[in-house]
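# Results of the structural survey
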Amino acid sequence: MTGRQITASKALKALFPAYVNSLGLRDASGQLLSLHEDGTGSFADYIKAVYMASAQSALDQGDTSVAALGWLTVQDGRVVDMDLAKYAAWAGRLKATPAFDKFDLSSGENDEFADSANAPKHFTAFSFQRSDKNGPMADASILRLMNPMNYIGSKEATVAPHWRIRHGAKDRDTSLAIPALLARKLQNAGYDVDFAAPWGKGHAGDYDLTELFDWADRLCQAR
């Protein structure tokens, strides 16, 4: 990345803990999920648990390469710890900072927040304040509509009772933190959520259609 992008990455990293902490989410045992300024905390532990469960599943299915990964600690056939920083290096970077709200309004997401005039817009204050093209900010009403976190558990919306969320353990298109936050928000609001990070999978692919259909069939048969 360029020097400017590296600086932006550090700034966004510094802002993220406050966002996570503002959500007030809790894990399955009721513990508050939070982050310290250095990125450690119960939310980081929660993310580690998701990845470790994914690695354990692969190990249980006979994938011996799991034990050789430098960012995982495996003892007696059990994944007992992981290094998130080393994991990030293993997964690699796909998109430069900012990944979605580009300073030059060049992303598909900038188009997504456009209006009928098809003029791309910023959707974060961070990029709006750093815009290369003095780009406009999307309307506040559109920003609210595009964020499901505003509606889960709200009387404004009818939320589906059952959710199946998958995010590949090697998905570099977006951070696992995003679907993880969504999953916890839904679970905290009392919805049924099946959330996992399939081992070795990237952003796309019909890698578990049988399991998906079985999940849907079970829900239909239970009604």
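This text goes with the structure placed above it.
Owing to the predicted nature of the structure, the values given are computational and were not obtained by experimental measurement.

In terms of regular secondary structure, the protein chain is built from 8 helices and 4 strands. Secondary structure of the protein chain in N-to-C order comes out as α-α-β-β-α-α-α-α-β-α-β-α. Relative to the globule expectation of 17 Å for 223 residues, the C-alpha radius of gyration of the protein chain, 19 Å, shows essentially globular dimensions. In terms of principal-axis extent, the alpha carbons of the protein chain reach across some 55 × 50 × 35 Å. A burial count over the protein chain gives 32% of its 223 residues as buried.

Inspection of the entire model under this criterion finds 8 salt bridges. The residue Asp81 makes a salt bridge to Lys48 at a minimum N-O spacing of 2.9 Å. In this pair, Asp81 is assigned in strand 2 (residues 78-82) and Lys48 in helix 2 (residues 42-60), connecting sequence segments 33 residues apart. Between Asp173 and Lys95 there is a salt bridge, and its shortest N-O distance comes to 4.0 Å. With a gap of 78 residues between them, Asp173 in the loop between strand 3 (162-166) and helix 7 (177-188) and Lys95 in the loop between helix 3 (84-91) and helix 4 (108-112) connect regions that are remote in the sequence. Relative accessible area serves as the criterion here: at 22%, Asp173 is assigned to the partly exposed category. Members of the salt-bridge network, linked through shared partners, are Arg164, Arg166, Asp194 and Asp208.

Quick look at the pairing of strand 2 now. Where strand 1 (residues 72-75) and strand 2 come together, 4 bridges link them in antiparallel fashion. When the sheet's bridge partners are listed, Leu72 is paired in strand 2 with Met82.

Calculation notes
- Residues numbered from 1 in each chain as written.
- Predicted model: local features only at pLDDT ≥ 70, side-chain atom pairs only at ≥ 80, totals over all residues.
- Heavy atoms only, no water.
- Helix = DSSP H or I, 4+ residues; strand = E, 2+ residues; numbered from the N terminus.
- Rg over C-alpha atoms; globule rule 2.2 N^0.38 Å.
- Buried < 20%, exposed > 50% of the residue type's maximum accessible area, 1.4 Å probe, protein only.
- Salt bridge = Lys/Arg side-chain N within 4 Å of Asp/Glu carboxyl O.
- Pairing = 2+ DSSP bridges.

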